[in-house]
Structure formats: C-alpha cells, structure tokens
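# Architecture and fold: a report
Next come the chains, spelled out residue by residue.
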Amino acid sequence: MKPSAFVYRRPASLAEALDLLRRHPEDARVIAGGQSLVPAMNLRMATPGMLVDLAGIETLSALEVASDGSLSAGAMVSHNRFLRDDRVKSGWPAIGLAVRHVAHEQIRNRGTMGGSLCHADSAAEWPAVCLLLDAEMSLAGPRGERTVTADDFVRGLYETALEPGELLSFVRFPAPLRGWRWGFHEIARRRGDFALAGALAGLAVDENFVVTAGRLVVFAVEDRARRLDGALSGAVGRRLDEIDKDLAGLSAAASVDPRSDLHASAEQRFHLVHACVMRALAAAMQEPTGTING
Amino acid sequence: MAEMHSIDLVVNGRAVSRNVPARLTLADFLRQDLGLTGTHVGCEHGVCGACTVLMDGDSVRACLMFAVQAHGREITTIEGLTPAGGLSPLQQSFCDHHALQCGFCTPGMIVTAEAFLTRGERIDAASAREAMSGNICRCTGYVPIVHAVMEEGRRRGLARNEDE
C-alpha cells in the first residue's frame, strides 16, 4: 500500500510543464489534485516514473468571468472552490448541483475539475455537467493550444482527446443561460460513492411557465456521459406542471445501452435511468432559477 | 537511492524542515518523521478518512498527497487540536455522547468536525451527516457522532436546540 518510487517535478509555468512532458514521454504523468491518481499509485495500479505536479502553475488556479460573460476555469480549481463561489452559484447553478456529489468534503478540498475530467471516469459528475452546459476544453500542447467541445473531450471510459504531450489547461463555460431551471439526481450505494446512474436536466421556461427548450445528460450508465435532449422533446411546448416525467424517463432509458458490472446489471441500470431522469426533472420543475437546493 | 526533496512547512504552529523522498505520503511523514502518530493510517486509498488533517484550514486526506506537496503549507493534526493536558470541548462532547469505541477513526472524525464547525455556518443534523460522511466508523453506527458534533455546534451558537 505504498507507491513505488518516482521523480517529482513541480514546474512553475505551463511551458516548463509541457517541456517535461516532451522530454519524458514514457515516464511523465501529470498530477492535479491526485485524488484518483494517488489511490491508484498506493495500490500500485499506477506506477509512473515521473509526476509533473501542476500545483505550481498559478494561472491554472484562476476562476474568472470573462468580458463576454463566460466562466473560465483553470484545470487546477478545486471542487469546493466552485461550490463556494458566489458567481458560480448565481450564474452556473448546475455546476453546484452536480459537484456537491463529488466524493466527500476532504476529496472536494483537494480534487480538481481538470483532474476529474482527464481521469474520465464514466460515473464522474464533471464530464456530465460540462456536457450539459456546452463547455469547451482548452488543451495546451507542444504545438500550441487547441479547443475541443465537451462531447469531443471525453472519448470513452478513462479515455480523452488529450494527445501525448498535451494537458488540459482551461475549461470555458458559456455565459449564464437566463430563464433555465436545473435538476440533478444520482443513485449511489452510499453517499459519495461512484454513481450507479445519474441524470442532469435543464428546462428553459418562458414567462407563462411554458417549456421552450430542454437539455438532458445521463451519466454512469454507458462508457461516457451522453446528451439525450430528444427524450425531452415531448416536454417542449407544455406548461412546466404538465410535463410527462414518466415518458421522458422511459424515452431516456430506451435510448441508452447500459453496461453491466459488479455494481449493477444493465437491466437494473435501465430502471435507474428512468428513476434518475424523472427525479432530475422533478427537481428542475420545482427549482427557482439560479438557486441551489440545500 | 531515491532523489530527496527539501521541504519547509508549518505543522501545528511550528516550522519544520526535512528532506523527504517523493513517494513518502504526508500521512507517513507526519507519523514516521515527526512522530505525530495521532494521524491514523487506515485504508491508504482515500476511503476511510482516518488520516484526515487540515491543510491551510481545509480538511484533506493525508494518505492522498505526498509530503513534498505540503512544502510551504500549514498542516494541523489532531495533536494540534488537543489542548495540553486535556480535551477540547469537541473531544469532550465525543466522550459524553459515546461517539467513540475503539477510537481508531476518532482523530479523523475530530479533525473533520473541527473544519466543519470552524466554517461558522449554521448547521443541522443533515449538514453534520453530510460533513462527516467521508469518515468511516465501524463501532458506533454514527448516531452518537452526529449528536456529539451537534452539541458542539450548539455550544458555538451554530445550531438551535430543535435542529436535531
């Protein structure tokens, strides 16, 4: 239960970090908050020859609202900084709804958005909320920076668009969506455990409480989170209190191809998707815009 | 021979300088290099919470970071939260409510609860449960632990009597 020996480097700049990755392509592994990597190292499931710690790169810890109203989050911003930030609470409430379910307090203090996204666990909340909000990822690499959409970033289980020598530097969340309500529900065996299934729903509502658009993400079910807005097509044009949640849940369940694993069978996951979508929608229907429930 | 790193940090209010190999976890550094054995090592993969310490006031798992990463930071362990020759009110509350039996998880529980209460926000039994959910106890069944945290919360004016 002790990690194997490794070389530790803590670069002070992005350029220095990229240089280390370029010079040690076989050995170097990026460490952000380490809340997934260090357990894997302690269990010797991961034995990197070198850790490149991003904690010394100040720009990656920035959390800023840009002039166009978008939120720019450095990869090293911890889960709890999002949860305690008033700008995030009011402008991007869906982030708080999802991220408060990341593990436990101690993990949320140290774990980071970027680390969670790059780890790309299918049950993680961050890839799901990035997909819901149409976030974009900035990848820094030897040939400069490139941008990919949230849907292109996570490719599969533990698989991302990052090429060797690249690292995730920033995530940009588009400017706040006014008039949207958000709901989240996940089912895990214990509080803070990886979800067996989860759903995030968003509903745009006009002044007469008629739904004008809907977004839905289901996660922890397939190899990666997936947008299933089509499951809400029956809700668009209806009043908020007339939405058929059961139909949306069934429609979402009919659209997924769940995996079976130690924790839940595919059959059970069909049922859980139905339940999560119904409960996420119920939460969104009740939720006044721009607030987070307790 | 593994590469050694020179680190300077503050532990329980005292400046500490040591040379450490990169692979030494903060938990093992506190226990083996500094003799602060109150920080317990349970699962060593971030599940049990027994190794919880404060870093710059925030609760963290000392088994999920390396000592070299604590360079320049301020660490508080259970020893730093325990008054000389006695118990803190929070520790006394744990005794009064039978919130410990074997005691293995207790240092992590106290450190986690201290971070929760120090935030100074209003608390109730639900938020206390959520705050303590990252710490596993195999003896008590958790109800006495929540009672102990709530009593200390009331003493600090963070909870009303009917909040439990």
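Residues numbered from 1 in each chain as written. Chains lettered and ligands numbered in written order. Predicted model: local features only at pLDDT ≥ 70, side-chain atom pairs only at ≥ 80, totals over all residues. Heavy atoms only, no water.

This brings us to the overall build of chain A. When its secondary structure is counted, chain A shows eleven helices and 14 strands. Whereas a compact globule of 294 residues would reach a radius of gyration of roughly 19 Å, chain A reaches 19 Å, a difference of no more than 12%. Referenced to the eigenvectors of the C-alpha coordinate spread, the extents of chain A come out at roughly 60 × 45 × 35 Å. Taken over 294 residues, chain A has a buried fraction of 55%. Considering only intrachain contacts with a sequence separation of at least 6, the fraction spanning at least 24 residues in chain A is 64%. Measuring between centres, the 33 positive side-chain charges of chain A sit 5 Å from its 36 negative side-chain charges. (Helix = DSSP H or I, 4+ residues; strand = E, 2+ residues; numbered from the N terminus. Rg over C-alpha atoms; globule rule 2.2 N^0.38 Å. Buried < 20%, exposed > 50% of the residue type's maximum accessible area, 1.4 Å probe, protein only. Contact = heavy atoms within 4.5 Å. Lys, Arg positive; Asp, Glu negative; His and termini not counted. Charge placed at Lys NZ, Arg CZ, Asp CG, Glu CD.)

Let us look at the sheet that holds strand β5 (residues 74-76) of chain B. Residues and elements named next belong to chain B. On the basis of which strands lie adjacent, the open sheet formed by five strands has the order β2-β1-β5-β3-β4 and mixed pairing. Looking at which strands have only one partner, the edges of the open sheet turn out to be β2 (14-21) and β4 (58-61). Going across the sheet, the axis of each strand differs from the next one's by a mean of 40 degrees, ignoring polarity. This element, helix α1 (residues 26-33), spans β1 (4-11), β2, β3 (52-55) and β5 of the sheet and lies at about 110 degrees to β2. Contacts between helix α3 (residues 106-118) and the sheet are confined to β3 and β4, with β3 contributing the most and set at about 35 degrees to the helix. (Pairing = 2+ DSSP bridges. Axes fitted to C-alpha atoms, helices over the stretch in contact; angles between N-to-C directions.)

Turning our eyes to something else, we now look at the environment of A:F184. All names here are of chain A. Mapped onto the fold, F184 is located in strand β11 (residues 180-187). Of the residues examined, F184 reaches a relative accessible area of 10% and is grouped as buried. Residues F184 and A94 lie 90 residues apart in sequence; the distance between their C-alpha atoms is 7.9 Å. Contact partners of F184, with chain neighbours within four places excluded, come to L97, A98, H101, E125, A199, L200, F219, A280 and A283.

Now for the pattern of salt bridges. The tally for this structure, following the rule as stated, stands at 29 salt bridges over all chains. A salt bridge links B:E130 to A:R191, with the shortest nitrogen-to-oxygen separation between them at 2.7 Å. Here B:E130 is found in helix α4 (residues 125-132), whereas its partner A:R191 is found in the loop between β11 and β12 (197-205) on a different chain. The shortest N-O distance in the salt bridge between B:R119 and B:E121 comes to 3.1 Å. When salt bridges that share partners are traced, they join A:R84, A:E105, A:R108, A:R191, B:R119, B:E121 and B:E130 into one network. (Salt bridge = Lys/Arg side-chain N within 4 Å of Asp/Glu carboxyl O.)

Attention now moves to the interface of chain A and chain B. Each partner contributes to the interface: chain A provides 31 residues, whereas chain B provides 29 residues. For the pair chain A and chain B, the summed buried surface comes to about 2500 Å²; carbon and sulfur atoms form 50% of the total. When the buried surface of chain A facing chain B is broken down by residue, A:Y8, A:Q106 and A:R110 rank first, second and third, together holding 26% of it. Scanning the region where chain A abuts chain B turns up six salt bridges. The shortest N-O distance in the salt bridge between B:E44 and A:K2 comes to 2.6 Å. The interface formed by chain A and chain B includes 16 residue pairs in polar contact (both at pLDDT 80 or more). Every element with two or more residues in the side of chain A that touches chain B is listed here: β1 (7-9), α2 (37-42), β3 (50-53) and α6 (105-110) of chain A. (Buried area = accessible area lost by both parts, 1.4 Å probe. Polar contact = N/O pair within 3.5 Å; in protein donor to acceptor, adjacent residues only side chain to side chain.)

This part is about empty space enclosed by the protein. Residue and element names in this part refer to chain A. Counted under the stated rule, the structure contains two cavities of 30 Å³ or more. The computed volume of the largest cavity comes to approximately 80 Å³. Lining of the largest cavity is provided by G91, W92, P93, A94, L133, P174, A175, P176, L177 and W182. Along the lines of polarity and charge, the residues of the lining of the largest cavity split into nine nonpolar, one polar and no charged. (1 Å grid on protein atoms, 1.4 Å probe; cavity = no way out; pocket = protein on both sides within 12 Å on 5 of 7 lines; lining within 4 Å. Points joined across faces, edges and corners; volume = space filled by probe spheres on them. Nonpolar A, V, L, I, M, F, W, Y, C, P; charged D, E, K, R; others polar.)

With that settled, the discussion passes to the environment of B:T39. All names here are of chain B. Counting through the fold element by element, T39 comes out in the loop between α1 and β3. C-alpha separation for the pair T39 and V20, spaced 19 residues apart in sequence, amounts to 18 Å. If sequence neighbours within four positions are ignored, T39 has contacts with L30, R31, A50, C51, V53, A62, T77, I78 and E79.

So, on to the sheet that holds strand β5 (residues 71-74) of chain A. Residue and element names in this part refer to chain A. One open sheet holds the five strands; their spatial order is β4-β5-β10-β6-β7, and the pairing between them is antiparallel. A strand with exactly one partner marks an edge of an open sheet, and here the two such strands are β4 (63-65) and β7 (144-149). Within the sheet, the average angular offset between the axes of one strand and its neighbour, ignoring direction, is 20 degrees. With four bridges connecting them, β5 and strand β10 (residues 167-173) associate as antiparallel partners. Within β10, the position partnered with L71 by the bridge is F173. Relative to the sheet, helix α1 (residues 14-23) contacts β6 (136-141) and β10, its axis offset from that of β10 by approximately 135 degrees.

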